[in-house]
Amino acid sequence: MSDIKYKYLLLNLIYSVLLAFPNTLLSQGKVGDLESDFEYTDTKGDSYRLSDFKGNVVFLAFIGHGCPFCRAVAPSTESDIWQVFKSDSFQALALETWNGSLSQAQSYVISSGITYPLLTRAGNELDNYRITYDNYLVLDHQGIIRYSSADNGILGERYRIKELTDTIKQLLTRTGLNSGEIPVDFNLSQNYPNPFNAATFIEYTLLTGGYVTLIVYDLSGREVDTLVDELQSPTDYVYEWSPQNLPSGIYFYKLQIEDVEITRKMAFIK
């Protein structure tokens, strides 16, 4: 079999897998998507509607009551996220997506030590958010997903505390929720197609103007291409990236406006 034919067969196989398992591999909690509203009761019987927290930064933890990985990281979500950022501008919510009994959900709260609400029988949100359990999202004050752990590998390896806390800090600062700064807001979409074998498109939206850089890095963190380095006005932007003399692999693109940045990853297959 020729190398060219083999590469195209491999690429087709990857796309087939993405199409066959959309809830686990494709657009999991996609950054840039608007929130999917929900309403559930917690383990104390209090009702929570997500849209009631519009205007706040929101951390969502999708857990299963018997998931060992979820239990392992839950104490960190309490100490490093909830206890650090808890305020009128920030809310943390856990969603029990295995649809366990009330007693099972209460047992999870006790064993994990979380004090923020655990919403029960919330399994429908896995489909609504196109995500799996053991994943974590951060929503901005407009209800737009700004961080998704679904980009971070396999089950049990997704919880990355620094990425989460950095995102929350940036959102609380740039929206003026924790400071007097002027809001600076933007949306960076996932590149398309992804994976790709020739060229891909990177799209973002600026709600306010500012100095913008869009830079591509390889897996080692080495800068391989600069797509944008200029002052830009509020509007939609799309840039095509065609890797030149680069090997197949995982690459990252980082959009930075002033002192705020978002990074996404993409897969290049020759």
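Residues numbered from 1 in each chain as written. Predicted model: local features only at pLDDT ≥ 70, side-chain atom pairs only at ≥ 80, totals over all residues. Heavy atoms only, no water.

*Asks:* Explain the sheet that holds strand β7 (residues 145-148) to me, please; I cannot follow it from the model alone.
*Replies:* Strands belonging to one sheet form pairs held by backbone hydrogen bonds; the direction of such a pair is parallel or antiparallel. A sheet is described by the order of its strands in space; here five strands give the open sequence β5-β4-β3-β6-β7, paired in mixed fashion. The open sheet has two edge strands with one neighbour each: β5 (118-119) and β7. Both strand β6 (residues 135-139) and β7 contribute to a ladder of three bridges, which runs antiparallel. Residue L137 lies in a different strand from β7, and its bridge partner there is S148. The sheet contacts of helix α3 (residues 68-85) involve β3 (57-63), β4 (90-96) and β6, and relative to β4 the element is tilted by about 160°. (Pairing = 2+ DSSP bridges. Helix = DSSP H or I, 4+ residues; strand = E, 2+ residues; numbered from the N terminus. Contact = heavy atoms within 4.5 Å. Axes fitted to C-alpha atoms, helices over the stretch in contact; angles between N-to-C directions.)

*Asks:* I would appreciate a short explanation of the environment of Q106 in the present structure.
*Replies:* Following the sequence through the fold, Q106 ends up in helix α4 (residues 102-112). Q106 gets classed as partly exposed once you look at its relative accessible area, which sits at 32%. C-alpha separation for the pair Q106 and D42, spaced 64 residues apart in sequence, amounts to 9.2 Å. A polar atom in the side chain of Q106 sits 3.3 Å from the backbone oxygen of T43. (Buried < 20%, exposed > 50% of the residue type's maximum accessible area, 1.4 Å probe, protein only. Polar contact = N/O pair within 3.5 Å; in protein donor to acceptor, adjacent residues only side chain to side chain.)

*Asks:* Help me understand unusual backbone geometry, please; the structure alone is not making it clear to me.
*Replies:* Most peptide bonds are trans, and most residues other than glycine sit at a negative phi. Of note, the amide linkage connecting Y192 to P193 takes the cis form, showing an omega dihedral of -10°. Here the residue pair N194 and P195 is connected by a cis peptide bond, since its omega of 5° sits within 30 degrees of zero. Phi is positive for D134, which is not a glycine, with a value near 60°. The residue D134 is located in the loop between α5 (124-128) and β6 in this model. Phi at N245 takes a positive value of approximately 60°, unusual for a residue other than glycine. Mapped onto the fold, N245 is located in the loop between β12 (236-241) and β13 (249-257). Classification of N245 by relative accessible area gives exposed; the value is 78%.

*Asks:* Help me understand the environment of W82, please; the structure alone is not making it clear to me.
*Replies:* Examined against the element boundaries, W82 turns out to sit in helix α3. On the basis of relative accessible area, W82 is assigned to the buried category, the value being 8%. Put simply, W82 and A92 are 10 residues apart on the chain and 6.3 Å apart in space, counted from C-alpha to C-alpha. The residues contacting W82, other than those within four sequence positions of it, are T77, F90, Q91, A92, T115 and Y116.

*Asks:* Just to check I follow, could you spell out the pattern of salt bridges for this structure?
*Replies:* Close approach of charged atoms lets side chains of opposite charge pair. Taken as a whole, this structure holds seven salt bridges when the rule is applied. Salt-bridge contacts for R49 lead to E39; the nearest nitrogen and oxygen are separated by 2.6 Å. Taken together, the positions of R49 in strand β2 (residues 47-49) and E39 in strand β1 (residues 39-41) put the pair 10 residues apart, joining distant regions of the chain. On the accessibility criterion, E39 (42% relative accessible area) is partly exposed. R160 serves as the salt-bridge partner of E163, at 3.6 Å between the closest nitrogen and oxygen. According to the relative accessible area criterion, E163 is partly exposed, its value standing at 33%. Among the charged side chains, a salt-bridge network with shared partners connects D37, E39 and R49. (Salt bridge = Lys/Arg side-chain N within 4 Å of Asp/Glu carboxyl O.)

Function cannot be read off these values alone, since they describe shape.
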